[in-house]
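As a plain string of letters, each chain reads:
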Amino acid sequence: MAKQSKELNGKQKAALLMVSLGPEVSAQVFKQLNEDEIEQLTLEIANVRKVDAEQKESILDEFNQMCIAQDYISQGGIAYAKDILEKALGENKAQGIIDRLTASLQVRPFDFARKADPGQILNFIQNEHAQTIALVLSYLEPDQASQILSELPQEKQADVAKRIALMDSTSPEVISQVESILEQKLSATVTEDYTTAGGIEAAVQVLNGVDRSTERTILDALEVENPELAEEIKKRMFVFEDIVTMDNRSIQRVIRDVENDDLMLALKVASEEVKDALFNNMSKRMADTFKEEMEFMGPVRLKDVEEAQTKIVATIRRLEESGEVIIARGGGDDIIV
């Protein structure tokens, strides 16, 4: 006898759902998954021999309930969804759906805040301690956090950016307390393990979105207070692949200033988009020479390629600081007219 829905694990249920929905819908779902998820799900689907009517109905019913619950969560948070589901399905069934949903989707703290206007969040947190502000910004979308950081008093901007970069893990109790103050409806979304947020990459994402003036103010302050952290953030704020965001004149200026050998090494593993951006800004003769020499270069060490790309990025940052090239940033002060 076939296993009933409640006896199946998550992967098996997902496989049966894909079979039940049919190949066209399943293909659309697969487009949203990463390679590892596709591989695991395909393996489970391959093991499916037959889906009886009862099993299919059970799977589709559970999926429908999960979708409805997720809609309620999006509208008003976990507590709101639980209240509505309890009225419709009863306390036990509602709790089971919420438990499965939060376990599978890992609803992140401050989910409601990511749908809120940055100005409203700013009004609430601007007078809070810098560590509290850093915690909230770490969970927002980068563009939201960038806007809020830009509007904070200058004397607080660098402190908040530093705390985001140095933030490692925060206890669920602290997150829950801050979250419940910011939004009373969302009070029970934190899992029992410690939640990782912030870090240097988070700080870089936020700083990449602020205007150039705010960025300079924050980095200058950080260089005084924590030079190593400031340098690490600066190194990550522009990567070699970001060359595609530069205008043609800036790319041509970079080509003139970097060593040809470094540029060839850097392009060895670059994307076609980056190669096109650089080759299109060379003379035809130079581009042809580069392509020919790169073909005969043979295998190179990844370490050498990374070192070459780092040199080029350093050159770009130097040229930007002197105003000779432009790197596109948020905030609007780098718009060319």
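For the structure itself, consult the block above.
Parameters and conventions
Residues numbered from 1 in each chain as written. Predicted model: local features only at pLDDT ≥ 70, side-chain atom pairs only at ≥ 80, totals over all residues. Heavy atoms only, no water. Helix = DSSP H or I, 4+ residues; strand = E, 2+ residues; numbered from the N terminus. Buried < 20%, exposed > 50% of the residue type's maximum accessible area, 1.4 Å probe, protein only. Areas by Shrake-Rupley, 256 points an atom, 1.4 Å probe, with all protein chains shown as cover. Core = buried A, V, L, I, M, F, W, Y, C linked by side-chain atoms within 4.5 Å. Contact = heavy atoms within 4.5 Å. Expected span 1.5 Å × (residues − 1). Salt bridge = Lys/Arg side-chain N within 4 Å of Asp/Glu carboxyl O. Axes fitted to C-alpha atoms, helices over the stretch in contact; angles between N-to-C directions. Parallel < 35°, antiparallel > 145°, perpendicular 65-115°, else oblique. Left-handed = near helix turned anticlockwise from the far one by under 90°. Nonpolar A, V, L, I, M, F, W, Y, C, P; charged D, E, K, R; others polar. Arc of directions from axis to C-beta. Polar contact = N/O pair within 3.5 Å; in protein donor to acceptor, adjacent residues only side chain to side chain. Patch = residues over 30% accessible without salt bridge, like charges linked within 9 Å, V, L, I, M, F, W, Y side chains within 5 Å. Lys, Arg positive; Asp, Glu negative; His and termini not counted. Charge placed at Lys NZ, Arg CZ, Asp CG, Glu CD.

### Overview of the overall build of the chain
Helices and strands together make up the secondary structure of the chain, namely 19 helices and two strands. Across the 337 residues of the chain, 40% fall into the buried class. Per element, the accessible surface of the chain, about 19100 Å² overall, is 49% carbon and sulfur.

### Overview of the nonpolar core
Leu137, Leu149, Val160 and Ile233 are the most contacted members of the largest nonpolar core, which totals 37 residues. Listing elements by their share of this core, those giving two or more residues are helix 7 (118-125), helix 8 (130-139), helix 9 (142-151), helix 10 (154-166), helix 11 (172-182), helix 12 (200-209), helix 13 (212-225) and helix 14 (227-237). Broken down by element, this core gets its largest block of residues, seven residues, from helix 8. Not counting chain neighbours up to four residues away, the residues in contact with Val160 comprise Ala130, Ile133, Ala134, Leu137, Leu149 and Leu152. Listed in part, the 28 residues of the second largest apolar core include Phe238, Val254, Ala277 and Phe279.

### Some words on helix 19 (residues 302-321)
Between its terminal C-alpha atoms helix 19 stretches 29 Å, which fits the 28 Å expected from 20 residues at 1.5 Å a residue. Residues Val305, Ala308, Gln309, Ile312, Val313, Thr315, Ile316, Arg317, Leu319 and Glu320 constitute the buried set of helix 19.

### Some details on the pattern of salt bridges
Scanning the entire structure with this criterion turns up ten salt bridges. The shortest N-O distance in the salt bridge between Arg253 and Glu324 comes to 2.4 Å. Here Arg253 is found in helix 15 (residues 248-257), whereas its partner Glu324 is found in the segment after helix 19, with 71 residues between them in sequence. Taking relative accessible area as the criterion, Arg253 reaches 18% and is therefore assigned buried. For Glu324, a relative accessible area of 38% gives the class partly exposed. Between Lys311 and Asp262 there is a salt bridge, with the nearest N and O atoms lying 3.8 Å from each other. Of this pair, Lys311 sits in helix 19 while Asp262 sits in helix 16 (residues 260-267), and the two are 49 residues apart along the sequence. Note on Lys311: relative accessible area 48%, which makes it partly exposed. Sharing partners across several salt bridges, the network here consists of Asp159, Lys162, Arg163 and Glu225.

### Looking at the environment of Ile316
As for its position among the elements, Ile316 is in helix 19. The class of Ile316 is buried, set by a relative accessible area of 0%. On a C-alpha basis, the gap between Ile316 and Ile251 in space is 9.1 Å, while along the polypeptide they are 65 residues apart. Discounting residues that sit within four places of it in the chain, Ile316 has contacts with Phe238, Ile243, Met246, Val254, Val325 and Ile327.

### Brief notes about the packing of helix 7 against helix 9
One can describe the packing of helix 7 onto helix 9 by two numbers: an axis separation of 9 Å at closest approach and a directional angle of 50 degrees. Classified by the interaxial angle, the pair formed by helix 7 and helix 9 is oblique. Once helix 7 is placed against helix 9, the crossing between them reads as right-handed. Contact residues: helix 7 offers Pro118, Ile121, Leu122 and Ile125, while helix 9 offers Gln144, Gln147, Ile148 and Glu151. Along the lines of polarity and charge, the residues of the contact of helix 7 with helix 9 split into five nonpolar, two polar and one charged.

### Details of helix 14
What helix 14 keeps buried is the set Leu229, Ala230, Ile233, Lys234 and Met237. The buried residues of helix 14 occupy an angular sector of 135 degrees when projected down its axis, which confines them to one face. Opposite the buried face of helix 14, at more than 90 degrees from it, the exposed residues are Pro227 and Glu228.

### Regarding the side chain of Lys275
Assignment of secondary structure puts Lys275 in helix 17 (residues 272-279). Judged by relative accessible area, which is 15%, Lys275 ranks as buried. Beyond its immediate sequence surroundings of up to four residues, Lys275 is in contact with Leu267, Lys268, Ala270 and Met294.

### Side note on the environment of Gln131
You can see Gln131 is positioned in helix 8. The class of Gln131 is partly exposed, set by a relative accessible area of 33%. Considering only alpha carbons, one finds Gln131 and Met167, 36 residues apart in sequence, at a separation of 9.0 Å. Residues in contact with Gln131, not counting those within four places in the same chain, are Arg163 and Met167. Among the polar contacts listed, one links the side chain of Gln131 to the side chain of Arg163, at a separation of 3.0 Å.

### Structural notes on a negative patch on the surface
A cluster of like negative charges, contributed by Glu259, Asp261, Glu292, Glu293 and Glu295, occupies part of the molecular surface. Mapped onto the elements, Glu292 comes out in helix 18 (residues 284-295).

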